[in-house]
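Coordinates in review
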Amino acid sequence: QVHLVESGGGLVQPGGSLRLSCAASGIMFSAYAMGWYHQAPGKQRELVAVITSGSSGSTNYADSVKGRFTISRDNAKNTVYLQMNSLKPEDTAVYYCNARPPANWSAREYWGQGTQVTVSS
């Protein structure tokens, strides 16, 4: 059974930092591309950052978070992280972890349950 469990969300003031974690179980973690998405009320879920599989995965970020957010992974711990700095009120959303298998696998992608991030003074 596959589980993606996010943690680290909460309330933070503008300009503050949070570190989200997503612990995965039940998948061959190192083979999966891992991503973070967010969804604000009334809006569609959007990609925030993604890191490819392997020990030195390449990364890609939404323009809105470049230079502020950093995605990383620890394959030994089956965990992906999202370091969020210089947070803005518009970063407020539920943040979801995503695991995407290699394209040539007959496997599905998986989602975590989400963690709320609120940026407010």
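All chains use their own residue numbering, which begins from 1 and follows the written sequence. Totals for whole chains, interfaces and linings use every residue, but because this is a predicted model, local features are given only for residues with pLDDT of at least 70 and side-chain atom pairs only at 80 or more, for both listing and counting. In computing side-chain values, all of the structure's heavy atoms are included and hydrogens and water are not.

1. Comments concerning the environment of Ala107
Counting from the N terminus, the helices are DSSP H or I runs at least four residues long and the strands are E runs at least two residues long. Of note, Ala107 is situated in the loop between strand E9 (93-100) and strand E10 (110-111). Residues within four places of Ala107 in sequence aside, it is in contact with Tyr32 and Pro101. Two residues form a contact once any of their heavy atoms are found within 4.5 Å.

2. Quick look at the state of the cysteines
Working definition: a disulfide is two cysteine sulfur atoms within 2.5 Å of each other. With the rule as written, the count across this model stands at one disulfide. Put simply, Cys22 and Cys97 are joined by a disulfide, and their sulfur atoms are 2.1 Å apart. Negative torsions about the S-S bond denote left-handed disulfides, and the value of about -80° found for Cys22 with Cys97 makes this one left-handed. Taken together, the residues span a long stretch of sequence, with Cys22 in strand E3 (residues 18-25) and Cys97 in strand E9 at a distance of 75 residues. The pair Cys22 / Cys97 is uniform in exposure class, with both members buried. Working definition: with a 1.4 Å probe on protein chains only, accessible area under 20% of the residue-type maximum means buried, over 50% means exposed, and in between means partly exposed.

3. Here we look at the pattern of salt bridges
When a carboxyl oxygen of Asp or Glu is within 4 Å of a side-chain nitrogen of Lys or Arg, the pair counts as a salt bridge. In the structure shown here, the tally under the stated rule is three salt bridges. Among the ionic pairs, Lys66 bridges to Asp63, the shortest N-O distance being 3.1 Å. A residue is classified by how much of its surface remains accessible, and Lys66, at 49% relative accessible area, is partly exposed. Note that Asp91 is salt-bridged to Arg68, the shortest N-O span being 2.8 Å. With Asp91 in the loop between strand E8 (79-84) and E9 and Arg68 in the loop between strand E6 (59-61) and strand E7 (69-74), the pair connects residues that are 23 residues apart, well separated along the chain. The residues Asp91 and Arg68 share a single accessibility class, namely buried.

4. Overview of the side chain of Arg68
Judged by relative accessible area, which is 10%, Arg68 ranks as buried. Excluding its chain neighbours within four sequence positions, the residues that come into contact with Arg68 are Gln83, Met84, Asn85, Ser86, Leu87, Lys88 and Asp91.

5. A closer look at the sheet that holds E3
Two strands make a pair as long as DSSP finds a minimum of two bridges between them. Ordered in space as E1-E3-E8-E7, the four strands form an open sheet in which the pairing is antiparallel. Each edge of the open sheet is held by one strand with a lone partner, namely strand E1 (3-7) and E7. For this sheet, the mean inter-axis angle between neighbouring strands, taken without regard to orientation, is 15°. Judged from the six bridges that link them, E3 and E8 form a sheet pairing that is antiparallel. Looking at E8, one finds that Arg19 is bridged to Gln83. Comment: axis = line fitted to C-alpha atoms, over the contacting stretch for helices; angle = value between 0 and 180 degrees taken between N-to-C directions.

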